[in-house]
Amino acid sequence: MEKEESGSKKPVNIKDLTICEATARMLEKARRDGVETAFDRALNMKACPIGADSACCKHCAMGPCRLNSRDPYGKVGVCGATIDTIMARNFGRMVAAGAACHNDHGMAMLALFREVANGNNEDYKIKDPHKLEDVARSVGIEVEGRSIKEIALDLYKELERTYTQVEGEIPFAKRVPEKTLETWRKHGIVPRGAMREIMELMNRTHMGVDQHYENLTKQCSRTALADGWGGSMVATEICDILFGTPTPVSAEVNMGVLKESEVNIIIHGHEPNLFESMLVSVNEPSLVQAAKDAGAKGINLVGMCCSGAEMLSRHGIPHAGNFMSTEAILVTGAVDAMAVDIQCIKQGLVKVAECYNTYLFTTNPRCHIEGAPHIEFNEHDPRACTDEIVIKAITRFKNRKAPIDIPNIKNIGIHGFSHEYINYMLGGTFRGSYTPLNDNIINGRIRGVAGVVGCTNPRVRQDWVHVELVKELIKNDVLVLQTGCSQIALAKAGLYTPEAACLAGPGLREVCETVGMPPVLGMGSCVDNSRILVAASQMVKEGGLGNSIADLPVAGAAPEWMSEKAICIGQYFVASGVYTVFGVTFPIIENTKFHKLLFEGLEQQGFGKWGFTPDPYEMAKMMIAHIDKKRKALGLDKGKERVLVDMAARREMSAAA
Ligand code: BF8
Ligand code: SF4
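Residues numbered from 1 in each chain as written. Chains lettered and ligands numbered in written order. Predicted model: local features only at pLDDT ≥ 70, side-chain atom pairs only at ≥ 80, totals over all residues. Heavy atoms only, no water.

## Some words on the sheet that holds strand E13 (residues 554-558)
And then number 1: The six strands are arranged E12-E11-E10-E13-E14-E15 in an open sheet whose pairing can be described as parallel. The two strands at the open ends of the sheet, each matched to only one other strand, are strand E12 (520-522) and strand E15 (610-612). Ignoring which end each strand starts from, the neighbouring axes of this sheet average 25° apart.
And then number 2: When strand E10 (residues 448-452) meets strand E11 (residues 478-482), the two strands line up parallel, connected through five bridges. The residue of E11 that forms the bridge with Gly448 is Val478.
And then number 3: Of the strands in this sheet, strand E14 (579-582) and E15 touch helix H21 (residues 564-576), which is tilted by about 155° from E14. (Pairing = 2+ DSSP bridges. Helix = DSSP H or I, 4+ residues; strand = E, 2+ residues; numbered from the N terminus. Axes fitted to C-alpha atoms, helices over the stretch in contact; angles between N-to-C directions. Contact = heavy atoms within 4.5 Å.)

Encoded structure:
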């Protein structure tokens, strides 16, 4: 085993690690307190250069085999695997893991829906029967004259196929624009069922199975599509049905949402059922009284990461920060309990929580963390878990010893733009439609649409790439749709207000001012990227912008990605027809055959393609060039020159934000 680099404690300016002022202040305090975070560990652990290039394989015990990225075709693995096979298999395993995460989550939400529908669970209910009917109709279920229960049970049965079906096409394939679906059929990549696709991808990436990078890439696409149009889309739709479809709501983000005088509870993770039940617990009069008896003014519930983004979008629950702020926020000393469920929960939280006597609870049977007490969340008796967390948090409040230091920074903004609402907002009350969006794209007021999504990552300056990229895009009249940690980055930067329209180019600004919307629309958690897919298919169906998603003047980006889920999302956007640019790093060696396939070849086959650059300005340039290329192909090229945001303009923009 090689020795890991450590101990090189060069002084690093915290302002270089993050542009989030609150996080920076807490990182400084952590330094004073001698507390370590992922930012420190990233500085002390150089990313493994071989893994970064995906030039190694540990799929069997004849290896692990290590190839040379400077001479990628100079040697092969012990079994003879070439660099393209090795990289494609590694990529496939990331896609499989990402798809598994979203599908396992979606399946859990669907199981809850079944229990609610058949009357076995009365702690939750169908909150949005309209959405239930819409979704049912979209997969061909009769709704006229039928009871909610009948429709719901049929919908359950139909959507279960998303996961368990072994032959055929997943139900939401029906939502895919015809020409896009045709391309998928031609290449044999319409997903059958997520379990089947993930299983097959795991099989094909095993030693000695699929050893052609092109064929492997097909299964990567099929599996990824079983996420975007499968597990993720089901999660979004079912959660809307159970908890409400988001409509614009004014809400606060950033660490200033913590309150020194109240019992602070953070929910961090991905499953909104835990959060919804916690919302009930913190409003329980006896628990509120207990908090008051302990000297608190009340109980303050806030979210982080993706379930936080969902609650922000659905109910306007304050959001305390994105992925790279989860350790930093504990440094405030003000968090009485943080309860986590699944995904993107850093193990490092345990130590930081310990340092500040904060309770860190795991709640989900799929995620225990050594050193963190576990209070299991059972959706048939949800309050047993959530009430206990509140009681523990109140105890911690009573016994607060260390000084509290909450950065007093809050940013208000408007969140909660479901694709249904975009339809309504742009179309007016009586004739919801995508016509105005399409018209504004055709007449050039809006140049195109970009999805900017994904994580934050300590290998780059937190939030900076997101914010700079989005500013460049809107300045160039590109409407930006967002989810996940990226949405929170821009919300903290102040771009979620209608007033931020002044940062947009003249065309986009005009549209925003007419409608009263911000130039950046937040759609929720990472599984809610499926809302962007639905919006894209609506744009195709509306007409005037081509026949497939690949024809649309749109692009996507995950500028600070870190998770395997992000790779899976990227692949399903690419397979759906979207040019998708990633920042930070990309696990591939340039100028190899596999690289050429992902970054060029897929587009020639009628899909989207991948792009990569860590630089936000370059990223904007690449995305805008692609949007312009698509406009030209549609005959909409009477467009404008790209506006370069110079330093003076940038200063003006940050002053305005
Ligand atoms: O699913 S954006 S860091 S929290 S992976 Fe994770 Fe990335 Fe955040 Fe949500 Ni998405
Ligand atoms: Fe090496 Fe092949 Fe085994 Fe991978 S599968 S570790 S390349 S021998």
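Still more to cover.
## Observations regarding the packing of aromatic side chains
The geometry of an aromatic ring pair is captured by two quantities: the separation of the ring centres and the angle between the planes.
And then number 1: The final tally for this structure, using the stated rule, is 14 aromatic pairs.
And then number 2: Measuring from ring centre to ring centre gives 6.3 Å for Phe582 and Phe586, while their planes differ by 70°; the resulting arrangement is edge-to-face. Neither residue differs from the other here; Phe582 and Phe586 are each classed as buried.
And then number 3: Through a chain of ring-to-ring contacts, three or more aromatic side chains come together here, namely Phe91, Trp561, Phe582, Phe586, Phe594, Phe599 and Trp610.
And then number 4: Its end group placed over the ring of Phe323, Lys346 keeps NZ or CZ at 4.0 Å from the ring centre.
And then number 5: Above the face of the Tyr579 ring, Lys609 is positioned so that its terminal group lies 5.1 Å from the ring centre. (Phe/Tyr/Trp six-rings, centres within 6.5 Å; stacked < 30°, edge-to-face > 60°. Buried < 20%, exposed > 50% of the residue type's maximum accessible area, 1.4 Å probe, protein only. Lys NZ or Arg CZ within 6 Å of the ring centre and 35° of its normal.)

## Focus: the packing of helix H9 (residues 213-243) against helix H12 (residues 305-315)
And then number 1: Packing of H9 against H12 brings their axes to within 12 Å, and their N-to-C directions diverge by 50°. Regarding the angle of H9 to H12, the classification is oblique. Judged by the sense of rotation from one axis to the other, the crossing of H9 with H12 is right-handed. Across the interface between the two elements, Thr236, Cys239, Asp240 and Phe243 from H9 touch Glu310, Arg314 and His315 from H12.
And then number 2: Its residues placed into classes, the contact of H9 with H12 shows two nonpolar, two polar and three charged. (Parallel < 35°, antiparallel > 145°, perpendicular 65-115°, else oblique. Left-handed = near helix turned anticlockwise from the far one by under 90°. Nonpolar A, V, L, I, M, F, W, Y, C, P; charged D, E, K, R; others polar.)

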